[in-house]
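If you want the building blocks of each chain, they are given just below.
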Amino acid sequence: HHDFNLSPRDDRGSLVGGNFKLYYNLEYRVPIVENMVYGMVFLDSGYAWRMPADVDWGDLAFGYGLGIRLDIPMVGLLGFDYGWSEEVPKGRLHFSIAQTF
């Protein structure tokens, strides 16, 4: 499973978790059904480090993909994305729920 690979490791290579992270998301949405259904493309990048002094821009991991968002009243945005990365070259489906205000 690749979800936890963006973590500092100890001397034995075990994941130890980070206290400082950098993450960004760039996405472009196109309305398919006005105010209800959107298609999108995205690019994500990020990493976690133990301390800010440990930041190395070369550690950043990148992913990209396609998605669809359904704006459901009283629920929020339901998201279905298919994303690829160097770690997951065949891609993987993701699901999300986000409240909108």
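Look a little higher up for the structure.
Here is what the cut-offs are and how they apply
Residues numbered from 1 in each chain as written. Predicted model: local features only at pLDDT ≥ 70, side-chain atom pairs only at ≥ 80, totals over all residues. Heavy atoms only, no water. Helix = DSSP H or I, 4+ residues; strand = E, 2+ residues; numbered from the N terminus. Buried < 20%, exposed > 50% of the residue type's maximum accessible area, 1.4 Å probe, protein only. Polar contact = N/O pair within 3.5 Å; in protein donor to acceptor, adjacent residues only side chain to side chain. Contact = heavy atoms within 4.5 Å. Pairing = 2+ DSSP bridges. Axes fitted to C-alpha atoms, helices over the stretch in contact; angles between N-to-C directions. Patch = residues over 30% accessible without salt bridge, like charges linked within 9 Å, V, L, I, M, F, W, Y side chains within 5 Å. Areas by Shrake-Rupley, 256 points an atom, 1.4 Å probe, with all protein chains shown as cover. Salt bridge = Lys/Arg side-chain N within 4 Å of Asp/Glu carboxyl O.

J.: Explain the side chain of D81 here, please?
T.: Within the secondary structure layout, D81 lies in strand β4 (residues 76-85). Classification of D81 as buried rests on a relative accessible area of 11%. At 2.7 Å, the side chain of D81 forms a polar contact with the side chain of R69. With near-sequence residues (within four places) excluded, D81 lies in contact with M40, F42, L66, G67, I68, R69, R92, L93 and H94.

J.: What exactly am I supposed to notice about unusual backbone geometry here?
T.: As a rule of thumb, non-glycine residues mostly have phi less than zero, and peptide bonds are mostly trans rather than cis. Located in the positive-phi region is N35, a residue other than glycine, with phi close to 60°. Of note in this structure, M74 is not a glycine but carries a positive phi near 70°. Within the secondary structure, M74 is located in the loop between β3 (61-72) and β4.

J.: What is the right way to read the sheet that holds strand β1 (residues 20-33) from this model?
T.: Each strand in a sheet pairs with its neighbour through backbone hydrogen bonds, running either in the same direction (parallel) or in the opposite one (antiparallel). Within the open sheet, the 5 strands sit side by side as β1-β2-β3-β4-β5. Their pairing is antiparallel. Every other strand in the sheet has two partners, leaving β1 and β5 (92-98) as the edge strands with one partner each. For this sheet, the mean angle separating the axes of adjacent strands, direction not counted, is 25°. As paired elements, β3 and β4 share 10 bridges and run antiparallel to each other. Looking at β4, one finds that Y64 is bridged to W84.

J.: Explanation requested: a nonpolar patch on the surface in the structure shown.
T.: Side chains of I32, V33, M36, I68, I72, M74, V75, F80, Y82, L93, F95 and I97 sit close together on the surface and give an oily, nonpolar patch of about 1200 Å² of accessible area. Looking at the nonpolar patch, the elements that each hand over two or more residues are β1, β3, β4 and β5. Of the residues forming the nonpolar patch, the biggest block, 3 residues, is contributed by β5. Here I97 shows up in strand β5. Given the relative accessible area of 54%, I97 is considered exposed.

J.: What's the story with the pattern of salt bridges in this structure? I'm lost.
T.: Once their charged atoms are close, side chains differing in charge can pair, the charge on each being opposite to the other. In the structure shown here, the tally under the stated rule is 3 salt bridges. Among the ionic pairs, R29 bridges to E27, the shortest N-O distance being 2.9 Å.

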